[in-house]
Amino acid sequence: DWSSDVCSSDLVQGFDPGVHALATLARLDVELLPRKGLAVPDRRATRGLRIASLGRGAGMDMVAQLDGAVHQRVNSLGAMVAMLHNGRVDAVVSVKESLRYTLEQSGLRLADFGAPLVLGRLDLTLWATPGMPALERQRLTLAANTLTRSGEFARVLSRYAANP
């Protein structure tokens, strides 16, 4: 059963229209990470590049707006990073923290690739379904706001982006 009463995500197609945004947890950079030796200083430089991204990943709209790029959808961050490392694509696009964590888990370093290009930012939002009791929504909202105001959520998130 894949149902739940609460999740954190950017707003994507297919969300139940009755979901409630409880709190914004963070603003996340969506970045393009090119192969080593490939300079991508701006969006125009993506024309003709083979770019992998998750089929339902964060920032899909940003990838679709890269005019002239050849998009390849994949099912996992690990496969996407392996394709980049093995030269099967010119670049990959995902949320910065997810890319850094996947590089680390794959035994790779950011220094093994080209300079990242930030394509945009997304809000990471905590959502609740209409069926979640109001008291639970209030408690989660308070907890999320406490974690973000104290900086604790940012500290946890930064651990995922620590790959040098």
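Use the structure listed above.
Cut-off values and rules
- Per chain, residue numbering runs from 1 following the sequence as it is written.
- Residues qualify for local features only when their pLDDT is at least 70, as the model is predicted, and side-chain atom pairs are given and counted only at 80 or more; totals for whole chains, interfaces and linings, by contrast, use all residues.
- Side-chain metrics rest on all non-hydrogen atoms present in the structure, leaving aside hydrogens and water.
- Think of it this way: any DSSP run of H or I at least four residues long counts as a helix, any run of E at least two long counts as a strand, and we number them from the N terminus.
- Any two residues having at least one pair of non-hydrogen atoms within 4.5 Å are treated as being in contact.
- Each accessible area value is a Shrake-Rupley result obtained with a 1.4 Å probe; residue values ignore everything except the protein chains displayed when judging cover.
- Residue types Ala, Val, Leu, Ile, Met, Phe, Trp, Tyr and Cys, when buried and joined through side-chain atoms within 4.5 Å, form a set referred to as a nonpolar core.
- When a residue's accessible area, from a 1.4 Å probe over protein chains only, is under 20% of the maximum for its type it is buried; when over 50% it is exposed; and in between it is partly exposed.
- By arc we mean the arc of the directions from the helix axis to the C-beta atoms, nothing more.
- Salt bridges are identified by distance alone: a Lys or Arg side-chain nitrogen within 4 Å of an Asp or Glu carboxyl oxygen.

Engineer: How do you make sense of the overall build of the chain when you look at a structure like this?
Structural biologist: Looking only at helices and strands, one finds five helices and six strands in the chain. Reading the chain from its N end, one meets helices and strands in the order β-β-β-α-β-α-β-α-β-α-α. Long-range contacts, defined as pairs at least 24 residues apart, comprise 71% of the intrachain contacts of the chain with a sequence gap of at least 6. Within the structure as shown, the chain displays about 9,300 Å² of accessible surface, and the carbon and sulfur contribution to it stands at 52%.

Engineer: Would you mind showing me how to read the nonpolar core here?
Structural biologist: Within soluble globular proteins, side chains that are nonpolar generally end up buried alongside one another. Judged by nonpolar contacts, the single largest core of 28 residues is most densely connected at L32, I51, V93 and L119. The set of elements that each furnish at least two residues to this core consists of β2 (20-34), α1 (60-64), β5 (91-95), β6 (117-128) and α5 (152-160). Ranked by residue count, the leading element in this core is β2, at seven residues. If we skip the residues at most four places from it in the chain, I51 touches L32, T46, L66, A69, V70, H71, Q72, A91, V92 and V93. By size, the runner-up hydrophobic cluster in this structure holds 15 residues, among which are M80, M83, V92 and L103.

Engineer: Is there a simple way to explain helix α2 (residues 77-85) in this structure?
Structural biologist: In an α-helix, one turn spans 3.6 residues, which is why side chains three or four residues apart end up on the same side. The complete set of buried residues in α2 reads L77, M80, V81, M83 and L84. End-on view of α2: buried residues confined to an arc of 155 degrees, all on one side of the axis. Close packing links the buried residues of α2 with β2, β3 (50-54), β4 (70-74), β5 and α3 (96-105). Two residues or fewer after α2 comes G87, characterised by a positive phi angle close to 80 degrees.

Engineer: Sorry if this is basic, but what is going on with the pattern of salt bridges here?
Structural biologist: Any two side chains of opposite charge can pair, on the condition that their charged atoms come close. Per the stated rule, a full pass over the model turns up eight salt bridges. Of the charged contacts, one joins D123 and R27 as a salt bridge, the two residues approaching to 2.7 Å between their closest N and O atoms. Note that D123 is positioned in strand β6 and R27 in strand β2, a separation of 96 residues in sequence. Where R50 meets D90, a salt bridge forms, and the shortest distance between an N and an O atom there is 3.1 Å. Pair noted here: R50 is in strand β3 and D90 is in the loop between α2 and β5, with a separation of 40 residues, a long-range link. By relative accessible area, which is 34% here, R50 ends up partly exposed.

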